[in-house]
Amino acid sequence: MNLIFAGIFLLSFSLMAIRDIMLQHHRSSKMRVVIYLLYIATLCLFVAAFYQVDIFKPFQNTISAFESRVKAWMMSLY
Amino acid sequence: MQVKQVINHRQIAWLTSGVIMTGAVVSLPQQLAVVARNDAWLSQLLPVMYTVLVAYVFERLIRAYPGKNIFEILIETRGRVAGSLLNGILLLFFLLILLRDIKGVGHFLHLSLLSETPLEIILLVFVVVLQYFGRSSMEVAARVNEMYFPMFFILSFSMYFILSNEYDLRRLEPIMDSKFVALLLSNWMSGGLYGDIFVFGAFLHAISQSRLFFSAVKHGATMAGFGIMLILIIQLGVMGYLITSRLNYPVYVLVEQIHLTDFLDRFEVMLFSIWFPAFAIKVVITYLTLLIGIGTLTRREDYTYCNGPFGWFVLILSITTFPHINDVNNFIGFVLPVLVPLIQWPMLLLLFLSARQKAGKRAGSDQGSHPLLKKYRRYTRLWWICFAICTISLLIGSFIEPFYGGWGRVFGAVYFFGFLAAFIFSYLELQSLNHIMERAKSIARRA
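Residues numbered from 1 in each chain as written. Chains lettered and ligands numbered in written order. Predicted model: local features only at pLDDT ≥ 70, side-chain atom pairs only at ≥ 80, totals over all residues. Heavy atoms only, no water.

Draft legend 1. The overall build of chain A, seen in detail. Counting secondary structure elements, chain A contains three helices and zero strands. If you list the helices and strands of chain A from N to C, you get α-α-α. For chain A, whose C-alpha radius of gyration is 20 Å, the value lies well above the compact-globule estimate of 12 Å for 78 residues. Counting only C-alpha atoms and orienting by the principal axes, one finds that chain A spans roughly 60 × 35 × 20 Å. Counting across all 78 residues of chain A, residues that qualify as buried make up 28%. Split by element, the accessible area of chain A, about 5100 Å² in all, is 73% carbon and sulfur. (Helix = DSSP H or I, 4+ residues; strand = E, 2+ residues; numbered from the N terminus. Rg over C-alpha atoms; globule rule 2.2 N^0.38 Å. Buried < 20%, exposed > 50% of the residue type's maximum accessible area, 1.4 Å probe, protein only. Areas by Shrake-Rupley, 256 points an atom, 1.4 Å probe, with all protein chains shown as cover.)

Draft legend 2. Up close: the packing of aromatic side chains. Residue and element names in this part refer to chain B. Here the structure, examined in full by the defined rule, presents 46 aromatic pairs over all chains. With 6.4 Å between their ring centres and 25° between their planes, Tyr379 and Phe425 make a pair best called stacked. Highlighted residues: Tyr379 in helix H12 (residues 371–400) and Phe425 in helix H13 (residues 405–446), separated in sequence by 46 residues. This pair shows no difference in class: Tyr379 is buried, exactly as Phe425 is. Over the ring of Trp383 we find Lys218; its NZ or CZ atom is 4.5 Å from the centre of that ring. (Phe/Tyr/Trp six-rings, centres within 6.5 Å; stacked < 30°, edge-to-face > 60°. Lys NZ or Arg CZ within 6 Å of the ring centre and 35° of its normal.)

Draft legend 3. The state of the cysteines, seen in detail. With the rule as written, the count across this model stands at zero disulfides over all chains. Not engaged in a disulfide, the cysteine Cys44 of chain A finds its nearest cysteine sulfur in Cys306 of chain B; these two sulfurs lie 18 Å apart. Look at Cys306 of chain B and you get buried, because its relative accessible area is 0%. (Disulfide = S-S within 2.5 Å.)

Draft legend 4. Representation of the UniProt feature "transmembrane region" (unreviewed entry) in chain A. This chain's UniProt record puts "transmembrane region" (unreviewed entry) on residues 33–51 of chain A. A helix fraction of 95% and a strand fraction of 0% characterise residues 33–51 of chain A, whose end C-alpha atoms lie 27 Å from each other. (UniProt positions renumbered as here; feature names shortened; annotations may be inferred.)

Draft legend 5. Looking closely at the pattern of salt bridges. All names here are of chain B. Counted by the stated rule, this structure contains 13 salt bridges over all chains. For Lys68, the salt bridge goes to Glu76, with nearest N and O atoms at 2.4 Å. Relative accessible area serves as the criterion here: at 40%, Glu76 is assigned to the partly exposed category. The salt bridge partner of Arg100 is Asp196, with a shortest N-O separation of 2.6 Å. (Salt bridge = Lys/Arg side-chain N within 4 Å of Asp/Glu carboxyl O.)

Draft legend 6. How the structure looks around the nonpolar core. All names here are of chain B. Among the nonpolar cores identified, the biggest contains 188 residues, and Trp41, Phe200, Phe310 and Tyr415 are the most heavily contacted of them. At 19 residues, the largest contribution of residues to this core is made by helix H7 (residues 210–246). Setting aside residues no more than four positions away along its own chain, Phe200 makes contact with Ile12, Leu15, Thr16, Val19, Phe58, Met138 and Phe213. (Core = buried A, V, L, I, M, F, W, Y, C linked by side-chain atoms within 4.5 Å. Contact = heavy atoms within 4.5 Å.)

Draft legend 7. Seen up close, a nonpolar patch on the surface. Residues and elements named next belong to chain B. On the surface, a nonpolar cluster with roughly 710 Å² of combined accessible area is contributed by Ile385, Ile389, Phe403, Tyr404, Trp407, Val410 and Val414. Elements represented by at least two residues in the nonpolar patch include exactly H12 and H13. A per-element tally of the nonpolar patch places H13 first, with three residues. Locating Trp407 in the fold gives a position in helix H13. According to the relative accessible area criterion, Trp407 is partly exposed, its value standing at 44%. (Patch = residues over 30% accessible without salt bridge, like charges linked within 9 Å, V, L, I, M, F, W, Y side chains within 5 Å.)

Here is the structure:
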């Protein structure tokens, strides 16, 4: 991952997270849960992407296999 | 609480066209050229019909559930649990569309125009634009689209004349030589991208006149179908199907062929600077759809609250998914055409049945013998006749062509002009319906 990107992203991300924590009493409890879940998921994905852990590989392999199957089926039609 | 938004018929038509066309012109030609070869331009008929079907169901929903969007309707009709589950599936589908578009444009800009800029930075800038629009509403996106989409559409038309020195009609021949199955498959493949029209479900609460919405989406879809067909004709006429099927971005290479004197050597930069904002609006619409969906699931809370974290989530997700350009292209060509029938068709049926149950039969505002109504009915009928002519010419042409080669050209011309006529009639239908609405409003005001 590009380090300049990582720096800009972490700075903006943390500033926005601080703002949302400060304003949390303006949101309903359900919205607060959604917002925090989004932040946590983003942070986990960022760490995985930064250390080049390919967490989506099995999913991507499944999609690729599916694509190949559809392609083969389409080509077999004519 | 959802923000009150109102958009007019012209904005709906142009947004529909923009949502379908701006993405399709870049990513679709290659896949279509692989399947239908030089008949790839005949691939827009069934997808346009499908879009009209979606518009019809949405029209019924607007009538049956005024002021509600598709997420709220699903919860109301299917209950909290099943409705939320269906909304979750729909949101996942929209998220895939959003990631496809963001990563697709990222790869495209990185490979063609900004080769030195890191992909992550391109994605970051794009997502920041989305977050900016995420603070506003559909109205803002619709207004920006009104500035860029007409220019984009006119330029797509003018490409035929700009590239006339490179064009050779013989590259399209033999017309309708592909097997009927190939034509059917190419139509089915295009249907994947036309499935993006479902994003309008999130804005049903912003539509006040359901019949006008139907005509506007019909016109927008016909416009998009005709525009894509025209670009495919230019593409195949300039480069042929063999080169088109082997390039990742055939339209980019096509635009690079434009040489308007030595002063306008980099004409493609100008063209892409008009295409890009139009495409960005399409992505903004999908982004807003997702925000509205999340807002609805959290019980009608203002969707702008989760704009920031959702933008970052989409950014990081887009970095980790679709690592190669082929992944995006294969997803568009071979996964979306399966996902659309799997997700959208059952949902459309469910929604249609619910709307039918709630509102009964479609109320007829087209009864009566006023000249404006007659005009509207005539244009509606003519649109259907044009599409029937296109379908018949495609069917007969593909069966006759192997035996009598010359007839392929004749039926191809009938198909083209039938589509053009449908495009014109859809516009006239929309205009006449708008006049009827205006007249009805002025009468109501006087009364």
